[in-house]
Amino acid sequence: MSSQVRFTDFKSDKQPTWCPGCGDFGTMNGMMKALAETGNDPDNTFVVAGIGCSGKIGTYMHSYAIHGVHGRALPVGAGVKMANPELEVMVAGGDGDGYSIGAGHFVHAVRRNVDMSYVVMDNRIYGLTKGQASPTSREDFETATTPEGPKQPPVNPLALALASGATFIAQSFSSDALRHQEIVQRAVEHDGFGFVNVFSPCVTFNDVDTYDYFRDSLVDLDEEDYDPTDREAAKERVLDADKEYMGVLYQDEDSVPYEAQHGLDSPMHEVDDGAPEGAMDLVREFY
Amino acid sequence: MPADFNWAIGGEAGDGIDSTGKIFAQALSRAGRHVFTSKDFASRIRGGYTAYKVRTSVDRVQSVVDRLDVLIALTPRTIDENLEELHEGSVIIYDGERTTMQDVEIPDEMVGLDVPLKGLAEEAGGAIMRNVVALGAACAVTSFPIENLDSSLKKRFGDKGQAIVENNKEAARKGLDYVTEEYDEDDLGYDLDTTDNDYVLLNGDEAIGMGAIAAGCKFYAGYPITPATDVMTYLTGRIERFGGHVVQAEDELAAINLALGAARSGARSMTATSGPGIDLMTETFGLIATSETPLVICDVMRSGPSTGMPTKQEQGDLNTLLHGGHGEVPRFILAPTTVAECFWKTVEAFNLAEQYQTPVYLTSDLALAVTEQTFEPDAFDMDAVEIERGNVVDEESIGDHQTEQEQFKPHELTEDGVSPRAFPGTAGGAHMSTGLEHDELGRRTEDTEMRVKQVDKRDRKVATAREREDWSPREFGNPDAENLVVSWGSNEGALVEALAFLEEDGVDVRVLSVPYIFPRPDLSEEFEAAEEVVVVECNATGQFADVLEHDTLTRVKRINKYNGVRFKADELATDIKETLSA
Ligand SMILES: Cc1ncc(C[n+]2csc(CCOP(=O)(O)OP(=O)(O)O)c2C)c(N)n1
Ligand code: SF4
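These numbers come from a predicted model, not from an experiment.

S.K.: Which residues make up the overall build of chain B, and what values do they have?
M.R.: A tally of helices and strands in chain B yields 18 helices and 21 strands. For chain B, whose C-alpha radius of gyration is 26 Å, the value lies close to the compact-globule estimate of 25 Å for 582 residues. The C-alpha extent of chain B, read off along each of the three principal axes, is 90 × 60 × 40 Å. Counting the 582 residues in chain B, one finds 63% classified as buried. At a minimum sequence separation of 6, the contacts of chain B that also span at least 24 residues come to 73%. Here chain B displays about 21,600 Å² of accessible surface, and carbon together with sulfur accounts for 43% of that area. In chain B, 53 positive and 106 negative side-chain charges are present, and the distance between their average locations comes to 6 Å.

Shown next as structure tokens:
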């Protein structure tokens, strides 16, 4: 099947309404290519989108998909996958969606380690609601709702993931097309929860965390002798206050996903014509 | 009135009240007697008064009454709490050697049986069996064959090994022998007959869980909350045997979203919670309704608002279920009326959810959830379970529901409002579901005409369901009576038994018990024909009464109970009599 599927098969016929130049274009292209490259097609793929500019991604992609409510995309994705482990499940959303309103679910999705990928388009701002501070905004980032900056340190999603027992943590940059695609692909291939924080600049509301900023500051782990299976090394990198990294920061190669741990190996959509065989035993228990 | 017998054990939470009560209830059921249990409990794990009450008869029993014949009192407070229900000749079993029980005074007209529960238990192998000694004593008081207790003890302690079972049997016999030897038979004037009937004994939460499995539910996600937790506990370890899975989510938001995901995968899926959890689920409820996802959401109501009285009865969530959520979305609301109906309404909820591709609220309440009730096993006849999956398309039929560009139409505008459904994996079915208003393809739209068409399409499902399904209420009493009494949910049992009390007083009524809250039966004709209509419910404002007044444009009288305790049959009869004559 994969030989026939091209990444454009994952494109819907809706034209994105993102601002010209928005990082989300590149992020989405990489996601579609990663899905096609890993042998998936729209009919076996389920994309769950959050709310925000980033969450519009579900509309522009073609697959089975749901556009959830704000912050709750991860549990939806987990439910989809548990009920049909044969599907390729990808969850996408923004930094506000994932680390603010959805922060609780993020920690638990990491712990749960369902075999799916989670791509966060991190633009360090709320785009769709027109430029308020997000949980990853810098402490002094001035917006209409935080005129002197949020005055609180940003959430560190990578550290949060590592502390919560993540089995795959990566960071990428939407405009580095090949590298981005490769990183998402590795998340898709990972047996478990593949988390990728993608710097996906908002050209309209964020003039600090720009393409130039990321291009100049990101350190590509592939260019140093880095072993992503080394948890101590990962700890050092994710807590590094001076540098930001691109690449796979941590991967537990022995990860056993939730479905395997709970013996979920087949789709649950079949139902018998009547009560399932053996149901009368349930009644006998109450004698 | 049927010759029934009422028995209770009370003490402090942590005294093993619940399991002791259950052992006796099960023994009675196994001896072919009908049983109806109720619990008084506080929201704490240790300390605080708690009691397990059992009403039993050879005839069917469906409610509690204000009467106690035998009471095992482990604390003095147990006697105080139940004084009003005790009567001349009631027997109180207590351990006078227990420090706290040394000064208790048994009212003159009652029979106090001072049994050294702890001492006898120690003789049998351990003080922990104190309550079982009391059960043996209760057998002596009621001439109930102690062998019936044995099988119940085996069921309860079998896992812990034969020796433990034997010790418990021995403990029970010590209680029996002590009472037989020390007390005069004439003081112990109760006689519990046994029969050859076979009954099962279960509560409403268990029946909901069983109904879910029977209906082919494969996925359950929930977050613990009293009194809904037992649904999850029941399913855990059982649903797996049928290819399903239970997830304990991080909160109710996650629970309903997990359940939604599974439903989108095509699994029959459910979550259960109580009021506070329903509040948290409400945003996603709107998404489920607009995205037309079949899902069963069970609200086992407790007393609110906010954290309210978590361990007390109420039917206060009706308005939330009917109107909760922003905007307007159709919903189905079923309210089981008995433990057996908890089973059948759950099965029906899954069918309606899939037939009409919509969330279905299944609203039970604490009184049903914690009540164990006996039934003939036929009441859960698995052969009678029917499964309706609605309009699911496969690879062959999907072509009929695609555009010329072969795009699938998950929100196709149909006459009955029900669109085709394609499980993910179906070739040619890929589509987007969203909470945004959408067109037939599921794509966002702000087109004014399409908005109206989609709203109308969703509403049409209720209209067509109304035509196709039977929404009749359950009917009791005299169909020709002038006065009509209407109730919903767990009040049915008390109401049915109240009829006998009313008959004694020459009051003739017709009873309609409504298990369908939305859509609901049109009762206009019945209301018009009646001299008086009384609506009975466990809330302060009369939420169902309001709805019915609105439907029928007829003023109704109301009986509202909101002190946290369910209706009792005798009390309800008095209330009805007074309300009708007021
Ligand atoms: C419950 C709820 N609260 C608030 C909103 C409004 N809202 C829409 S998008 C958004 C922020 C999105 O930010 P982010 O996830 O960073 O996405 P971006 O738009 O930057 O891609 C908010 C607060 C909503 N839709 N739902
Ligand atoms: S507002 Fe920002 S995030 Fe949203 S589309 Fe425009 S550039 Fe992208």
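S.K.: Would you mind going over helix α7 (residues 177-189) of chain A in detail, with residue names and values included?
M.R.: A rise of 1.5 Å per residue sets the reference length of α7 of chain A, with its 13 residues, at 18 Å; its end C-alpha atoms lie 18 Å apart and thus fit the reference within 8%. Three or more residues of α7 of chain A are buried, namely R179, H180, Q181, I183, V184, Q185, A187 and V188 of chain A.

S.K.: How would you sum up the sheet that holds strand β20 (residues 532-537) of chain B? Please name residues and give values.
M.R.: Residues and elements named next belong to chain B. Taken together, five strands build an open sheet; the order of strands is β16-β18-β17-β20-β21 and the sheet is mixed. What marks the edges here is a single partner per strand, and that holds for β16 (474-477) and β21 (557-560). In this sheet, adjacent strand axes meet at a mean angle of 20° when their direction is disregarded. Sheet topology places β16 next to strand β18 (residues 509-514); four bridges connect them, and they run antiparallel.

S.K.: Account for the interface of chain B and chain A, with residues named and values stated.
M.R.: Across the boundary between the two partners, chain B contributes 68 residues, which contact 51 residues of chain A. Both faces considered, chain B and chain A share a buried interface measuring about 4,800 Å² in area, 64% of it formed by carbon and sulfur atoms. For the chain B face of the interface with chain A, the top three residues by lost area are H245, E250 and M432 of chain B, together amounting to 12%. For the salt bridge of R241 of chain B with E285 of chain A, the shortest nitrogen-to-oxygen distance reads 3.4 Å. Our count for the chain B to chain A interface comes out at 25 residue pairs in polar contact (both at pLDDT 80 or more). The greatest single-element share of the side of chain B that touches chain A, amounting to eight residues, is contributed by helix α9 (residues 252-264) of chain B.

S.K.: Outline the packing of helix α1 (residues 17-30) of chain B against helix α5 (residues 147-157) of chain B, supporting the account with residue identities and numerical values.
M.R.: Residues and elements named next belong to chain B. For the pair α1 and α5, interaxial distance at closest approach is 8 Å and the crossing angle is 130°. Considering the angle they form, α1 stands oblique to α5. For the crossing formed where α1 meets α5, the hand is right-handed. Listed contacts from α5 to S19, I23, F24, Q26, A27 and R30 of α1 are N148, L149, S151, S152, L153, K155, R156 and F157. Its residues assigned to classes, the contact of α1 with α5 shows six nonpolar, five polar and three charged.

So, how was this worked out
- Residues numbered from 1 in each chain as written.
- Chains lettered and ligands numbered in written order.
- Predicted model: local features only at pLDDT ≥ 70, side-chain atom pairs only at ≥ 80, totals over all residues.
- Heavy atoms only, no water.
- Helix = DSSP H or I, 4+ residues; strand = E, 2+ residues; numbered from the N terminus.
- Rg over C-alpha atoms; globule rule 2.2 N^0.38 Å.
- Buried < 20%, exposed > 50% of the residue type's maximum accessible area, 1.4 Å probe, protein only.
- Contact = heavy atoms within 4.5 Å.
- Areas by Shrake-Rupley, 256 points an atom, 1.4 Å probe, with all protein chains shown as cover.
- Lys, Arg positive; Asp, Glu negative; His and termini not counted.
- Charge placed at Lys NZ, Arg CZ, Asp CG, Glu CD.
- Expected span 1.5 Å × (residues − 1).
- Pairing = 2+ DSSP bridges.
- Axes fitted to C-alpha atoms, helices over the stretch in contact; angles between N-to-C directions.
- Buried area = accessible area lost by both parts, 1.4 Å probe.
- Salt bridge = Lys/Arg side-chain N within 4 Å of Asp/Glu carboxyl O.
- Polar contact = N/O pair within 3.5 Å; in protein donor to acceptor, adjacent residues only side chain to side chain.
- Parallel < 35°, antiparallel > 145°, perpendicular 65-115°, else oblique.
- Left-handed = near helix turned anticlockwise from the far one by under 90°.
- Nonpolar A, V, L, I, M, F, W, Y, C, P; charged D, E, K, R; others polar.

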